[in-house]
Amino acid sequence: AQTVTQSQPEMSVQEAETVTLSCTYDTSESDYYLFWYKQPPSRQMILVIRQEAYKQQNATENRFSVNFQKAAKSFSLKISDSQLGDAAMYFCASRMDSSYKLIFGSGTRLLVRP
Amino acid sequence: NAGVTQTPKFQVLKTGQSMTLQCAQDMNHNSMYWYRQDPGMGLRLIYYSASEGTTDKGEVPNGYNVSRLNKREFSLRLESAAPSQTSVYFCASSLRTRNNEQFFGPGTRLTVL
């Protein structure tokens, strides 16, 4: 079965500092996709960044980057120069190439201290 | 473009009542999805529709039915609501491509008393 685990229920970061959110996953397939979604208090789910498993290069979107370790089945999100607007729930998710289903982790609440 | 819209935004039901959650997208997406989000958990897939005319069960389909009315609309029906169905419900849509980003609606908060 496909699973996604986020072991950090809550993280805190000082504004302008860097924080890393952890995610591990389990799959027996070789082709899959990984995502990080942000959910602010408005409840809207917003895609932050995605990674294709067949790409070795780590994805980057402005201040957001991932550390994708395929052998370790690890997919962490690094947020640089944290801003107050980054405060939200962050969900890691995976999707197998053979399926339409997104499997979500339980989420990490990120607090940003001014 | 409105993206993915859901109605209603909030709903309170009594045990045993029925209701339909509506979802529509204007992005010409092939695939649509219904998720539920419970406190302390990520989203879990209830049902999905890979393309118009098809629907399939997700992780937690019991107690729900769906209808893919046309390419734009995908509804979720609770025939006899139970307190365990108290949750926030999200609809999403995507293109039917290999690297499909799912776009989410704003959610419906449902309380069953």
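Residues numbered from 1 in each chain as written. Chains lettered and ligands numbered in written order. Predicted model: local features only at pLDDT ≥ 70, side-chain atom pairs only at ≥ 80, totals over all residues. Heavy atoms only, no water.

A. Structural view of the overall build of chain A. When helices and strands are counted, chain A shows zero helices and 12 strands. In chain A, the order of α-helices and β-strands from amino to carboxyl end is β-β-β-β-β-β-β-β-β-β-β-β. Computed over the C-alpha atoms, the radius of gyration of chain A is 14 Å, within 12% of the 13 Å expected from 2.2 N^0.38 for a compact globule of 114 residues. When its C-alpha atoms are laid out on the principal axes, chain A stretches across 45 × 25 × 20 Å. The buried share among the 114 residues of chain A stands at 49%. Sequence-distant contacts in chain A: of pairs separated by 6 or more residues, those separated by 24 or more amount to 54%. For chain A, the exposed area adds up to about 5,400 Å²; of that, 46% sits on carbon and sulfur atoms. For chain A, the separation between the mean place of its 12 positive charges and that of its 11 negative charges on side chains is 4 Å. (Helix = DSSP H or I, 4+ residues; strand = E, 2+ residues; numbered from the N terminus. Rg over C-alpha atoms; globule rule 2.2 N^0.38 Å. Buried < 20%, exposed > 50% of the residue type's maximum accessible area, 1.4 Å probe, protein only. Contact = heavy atoms within 4.5 Å. Areas by Shrake-Rupley, 256 points an atom, 1.4 Å probe, with all protein chains shown as cover. Lys, Arg positive; Asp, Glu negative; His and termini not counted. Charge placed at Lys NZ, Arg CZ, Asp CG, Glu CD.)

B. The arrangement of the interface of chain B and chain A in detail. Contacts between the two partners involve 30 residues from chain B and, on the opposite side, 22 residues from chain A. Together chain B and chain A conceal approximately 2,100 Å² of surface at their shared face, both sides included; 47% is due to carbon and sulfur atoms. Across the contact surface, chain B and chain A share one salt bridge. For Arg50(A), the salt bridge is made with Glu101(B), and the minimal N-O distance between the two is 4.0 Å. Where chain B packs against chain A, one counts six residue pairs in polar contact (both at pLDDT 80 or more). (Buried area = accessible area lost by both parts, 1.4 Å probe. Salt bridge = Lys/Arg side-chain N within 4 Å of Asp/Glu carboxyl O. Polar contact = N/O pair within 3.5 Å; in protein donor to acceptor, adjacent residues only side chain to side chain.)

C. View of the environment of Val66(B). All names here are of chain B. You can see Val 66 is positioned in strand 7 (residues 64-68). Val 66 gets classed as buried once you look at its relative accessible area, which sits at 15%. Val 66 sits 42 residues away from Ala 24 along the chain, and the two C-alpha atoms are 13 Å apart.

D. Representation of the state of the cysteines. Residues and elements named next belong to chain A. Using the criterion set out here, one finds two disulfides over all chains in the structure. Across a sulfur-sulfur distance of 2.0 Å, Cys 23 and Cys 92 are joined as a disulfide pair. Negative torsions about the S-S bond denote left-handed disulfides, and the value of about -70 degrees found for Cys 23 with Cys 92 makes this one left-handed. Of the two residues, Cys 23 is situated in the loop between strand 3 (19-21) and strand 4 (24-26) and Cys 92 in strand 10 (residues 88-96); the sequence distance between them amounts to 69 residues. Residues Cys 23 and Cys 92 agree in their burial class; the two are buried. (Disulfide = S-S within 2.5 Å.)

E. Summary view of the confidence of the model for chain A. Within chain A, residue pLDDT values average 93, and 100% of them lie at 70 or more. The least confident element of chain A is strand 11 (residues 103-104) of chain A, whose mean pLDDT is 92; the most confident is strand 3 of chain A, at 98. (pLDDT = per-residue confidence, 0-100.)

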